[in-house]
Amino acid sequence: MALFKRELPGLLQALAAVDVPLEAILIDAYVWLDEGRGGLGWYLYEALEQKIPVVGIAKTQFRPAEKVAIPVLRGESKNPLWVTAIGMEVAFAAEKVQEMAGEFRIPEMLKLVDGRCREWVV
């Protein structure tokens, strides 16, 4: 099953519970897989009627991602995060990922969210 088919319903359910305006949504996945081929982030953006920008932060490179993703090095790591975006410039998104809190490769917020999501897995 495609990642977006499995993950999108849960994302939309979680976002329905959010009662504050969102400037952007960060996901642990790609927005773009290739030029013109959307990933989970693209499907989320479309489901939200293109109203909220989506930034994808991936830990591994999907194919040669250089055409659609910007590699971002954080901390002492030599392995980049791969940033894609829709609804905002990808260079701006990459800059903001670089500036996120945390001294290591994975920003602290992503670590926190990942840990919380693993607690919910049944």
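Residues numbered from 1 in each chain as written. Predicted model: local features only at pLDDT ≥ 70, side-chain atom pairs only at ≥ 80, totals over all residues. Heavy atoms only, no water.

Student: Looking at this model, I keep getting lost on the overall build of the chain. Mind explaining?
Tutor: Counting its secondary structure elements, the chain contains four helices and six strands. Taken against the 2.2 N^0.38 rule, which gives 14 Å for 122 residues, the C-alpha radius of gyration of the chain at 14 Å falls within 12% of a compact globule. Along the first, second and third principal axes, the C-alpha atoms of the chain reach 35 × 35 × 30 Å. For the chain, the residues scored as buried account for 34% of the 122 residues in total. Taken as a whole, the chain presents about 8000 Å² of accessible surface, with 57% of it coming from carbon and sulfur. With 14 positive and 17 negative side-chain charges, the chain shows a separation of 6 Å between the mean positions of the two kinds. (Helix = DSSP H or I, 4+ residues; strand = E, 2+ residues; numbered from the N terminus. Rg over C-alpha atoms; globule rule 2.2 N^0.38 Å. Buried < 20%, exposed > 50% of the residue type's maximum accessible area, 1.4 Å probe, protein only. Areas by Shrake-Rupley, 256 points an atom, 1.4 Å probe, with all protein chains shown as cover. Lys, Arg positive; Asp, Glu negative; His and termini not counted. Charge placed at Lys NZ, Arg CZ, Asp CG, Glu CD.)

Student: Just checking my understanding: could you explain helix 3 (residues 90–99) for this structure?
Tutor: Along an α-helix, a turn takes 3.6 residues, which lines up residues three or four apart on a common side. Buried within helix 3 are the following residues: Ala93, Ala94 and Val97. Viewed end-on, helix 3 has its buried residues packed into an arc of 100 degrees, placing them on one side of the element. Elements in contact with the buried residues of helix 3: strand 4 (54–58), strand 5 (70–72) and strand 6 (81–86). (Arc of directions from axis to C-beta. Contact = heavy atoms within 4.5 Å.)

Student: Help me understand the pattern of salt bridges in this model?
Tutor: Two side chains bearing opposite charge may form a pair once their charged atoms approach each other closely. Counted by the stated rule, this structure contains five salt bridges. The partner of aspartate 28 in a salt bridge is lysine 59, and the shortest N-O contact between them spans 2.6 Å. Placement of aspartate 28 in the loop between strand 1 (25–27) and strand 2 (32–34) and of lysine 59 in the loop between strand 4 and strand 5 is noted, with a sequence separation of 31 residues between them. We classify aspartate 28 as partly exposed; its relative accessible area is 43%. Lysine 59 gets classed as partly exposed once you look at its relative accessible area, which sits at 37%. Lysine 111 serves as the salt-bridge partner of glutamate 108, at 3.8 Å between the closest nitrogen and oxygen. Of this pair, glutamate 108 and lysine 111 are both found in helix 4 (residues 108–120), three residues apart, which corresponds to roughly one turn of the helix. A relative accessible area of 39% means that glutamate 108 is categorised as partly exposed. (Salt bridge = Lys/Arg side-chain N within 4 Å of Asp/Glu carboxyl O.)

Student: When you look at the packing of aromatic side chains in this model, what are you seeing that I'm missing?
Tutor: For any two aromatic rings, the description comes down to two numbers: the centre-to-centre distance and the angle of the planes. Per the counting criterion, the structure on display carries two aromatic pairs. Residues tyrosine 30 and phenylalanine 62 carry aromatic rings whose centres are separated by 6.2 Å and whose planes lie at 55 degrees to one another, so their mutual orientation is tilted. Residue tyrosine 30 is located in the loop between strand 1 and strand 2, and its partner phenylalanine 62 is located in the loop between strand 4 and strand 5; the two are separated by 32 residues in the primary sequence. An angle of 85 degrees between the planes, with centres 4.9 Å apart, marks the rings of tryptophan 42 and tyrosine 43 as edge-to-face. You can call tryptophan 42 partly exposed: its relative accessible area is 25%. Given the relative accessible area of 27%, tyrosine 43 is considered partly exposed. (Phe/Tyr/Trp six-rings, centres within 6.5 Å; stacked < 30°, edge-to-face > 60°.)

Student: Explanation requested: the pairing of strand 4 in the structure shown.
Tutor: Every regular strand shows the same layout, with side chains that alternate between the two sheet faces. A large share of strand 4 lies buried, amounting to five of its five residues. Taking every second residue as pointing to the same face, both faces of strand 4 are buried, with Val54, Gly56 and Ala58 on one and Val55 and Ile57 on the other. Pairing between strand 1 and strand 4: three bridges, direction parallel. Within strand 4, the residue paired with isoleucine 27 across the bridge is glycine 56. Taken together, the five bridges between strand 4 and strand 6 define a ladder with antiparallel strand orientation. Along strand 6, the bridge assignment pairs isoleucine 57 with valine 83. (Pairing = 2+ DSSP bridges.)

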